[in-house]
Amino acid sequence: MRIDLADRTVLVTGAASGIGLACVRAFLAEGARVGMVDRNALPDMAGDVLAVYADVTDEQSVADAIATVTRRFGRLDVVVGCAGISGPVGKPLAETSAAEVAAVLAVNVTGQILLVKHAQPWLAEDAAVVLLGSDSAFTAAPGMVPYCASKGAVVALTRALAVEMPGVRVNCVCPSVVDTPMARGDLGDVLDNPDFPVQAADDVARQVLFLASPAARPINGQAVLADFGMSARSAFPA
Ligand SMILES: NC(=O)c1ccc[n+]([C@@H]2O[C@H](COP(=O)([O-])OP(=O)(O)OC[C@H]3O[C@@H](n4cnc5c(N)ncnc54)[C@H](O)[C@@H]3O)[C@@H](O)[C@H]2O)c1
């Protein structure tokens, strides 16, 4: 399948680690130009790539990062919002503070909105935005109330942004567990020999590239739930 992303200019947040870094590698491999954005140190990469510091919860920082990337490349065709935190995973709700809830929503929800707000002036008719949601928007495990709420919001804001910006496609990917530093931090050694299906960051990057590509031209405002069918089973006893 032709993916037609060569010479496109892509901005990826959360680019220092995990899924964001896998997306950077995948877009570069397709011949795209990539602006890597993160609040942590970014690795050196070969190719037409620019590393920019930003904290996605800080509006001026987001605006400055987009200005830096567009000054270098002159355009923006694809925006990928991977920056995210899992928050107090495993903590009972009774012990979860308002500050912890606010911190998760600031990165996972406000950060995505600020990203698209400041990218919007650069996004032309055939541009694409892909945000990182999660299967936690659709199914829940105990001890993840703030994270689940934040990812439900990503699905809703994906639809809202698609309606807000005619001509720009906005979709989100919603993977189940992906073996990244975030998941390792939450699940630890369980990921060495998991008894549940696990994706690699490169798997998710391929989903992101498809949604960003002209091959996904009719797909807009959608959440692609990639959970190995875990959420598909009904309670019907057959
Ligand atoms: N790993 C999983 O199992 C999984 C599953 C579903 C969805 N996701 C989502 O995928 C996205 C990427 O997660 P990951 O697993 O690659 O995590 P990760 O921790 O490996 O990478 C996240 C990156 O986001 C950056 N970041 C965090 N807060 C930021 C901020 N305020 N400003 C700028 N950068 C910031 C971090 O520095 C880091 O480089 C997240 O939105 C996450 O919720 C992950």
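Residues numbered from 1 in each chain as written. Predicted model: local features only at pLDDT ≥ 70, side-chain atom pairs only at ≥ 80, totals over all residues. Heavy atoms only, no water.

Q: What should I look at first to understand the site of the ligand in this one?
A: Taken together, 30 residues form the shell around the ligand, and within it Ser17, Ile19, Asp38, Tyr147 and Thr180 come nearest. Here an oxygen atom of the ligand and a side-chain polar atom of aspartate 38 are 2.6 Å apart. Contact between the ligand and aspartate 55: a nitrogen atom at 2.9 Å from a side-chain N or O atom of the residue. Protein chains bury 94% of the 830 Å² of accessible surface belonging to the ligand in isolation. If you list the elements that add at least two residues to the shell around the ligand, you get α1 (18-29), α4 (145-164) and α5 (181-187). (Near = heavy atom within 4 Å. Polar contact = N/O pair within 3.5 Å; in protein donor to acceptor, adjacent residues only side chain to side chain. Areas by Shrake-Rupley, 256 points an atom, 1.4 Å probe, with all protein chains shown as cover. Helix = DSSP H or I, 4+ residues; strand = E, 2+ residues; numbered from the N terminus.)

Q: Would you mind going over the packing of helix α3 (residues 98-119) against α4 with me for this structure?
A: Angle between the axes and distance between the axes: these two values describe a pair of packed helices. Two numbers describe how α3 lies on α4: the axes approach to 9 Å, and their chain directions differ by 15°. When the axes of α3 and α4 are compared, the pair comes out roughly parallel. The hand of the α3/α4 crossing is right-handed. On the side of α3, the interface is formed by Val101, Val104, Leu105, Asn108, Val109, Gln112, Ile113 and Val116, while α4 contributes Pro146, Tyr147, Ser150, Lys151, Ala153, Val154, Leu157 and Leu161. In terms of residue class, the contact of α3 with α4 is built from 12 nonpolar, three polar and one charged. (Axes fitted to C-alpha atoms, helices over the stretch in contact; angles between N-to-C directions. Parallel < 35°, antiparallel > 145°, perpendicular 65-115°, else oblique. Left-handed = near helix turned anticlockwise from the far one by under 90°. Contact = heavy atoms within 4.5 Å. Nonpolar A, V, L, I, M, F, W, Y, C, P; charged D, E, K, R; others polar.)

Q: Could you clarify how one ought to interpret the pairing of strand β5 (residues 123-132) in this entry?
A: The side chains of a regular strand alternate, residue by residue, between the two faces of the sheet. A large share of β5 lies buried, amounting to seven of its 10 residues. The sheet contact formed by strand β4 (residues 76-81) and β5 spans five bridges and is parallel. Of the residues in β5, the one forming a bridge with valine 78 is alanine 128. With respect to chirality, the unit in which β4 leads through α3 into the neighbouring parallel β5 is right-handed. Where β5 lies against strand β6 (residues 169-175), five bridges are found, and the strand directions are parallel. Pairing of valine 129 across the sheet is with valine 170, part of β6. (Buried < 20%, exposed > 50% of the residue type's maximum accessible area, 1.4 Å probe, protein only. Pairing = 2+ DSSP bridges. Right-handed = clockwise from strand over helix to strand, strands pointing away.)

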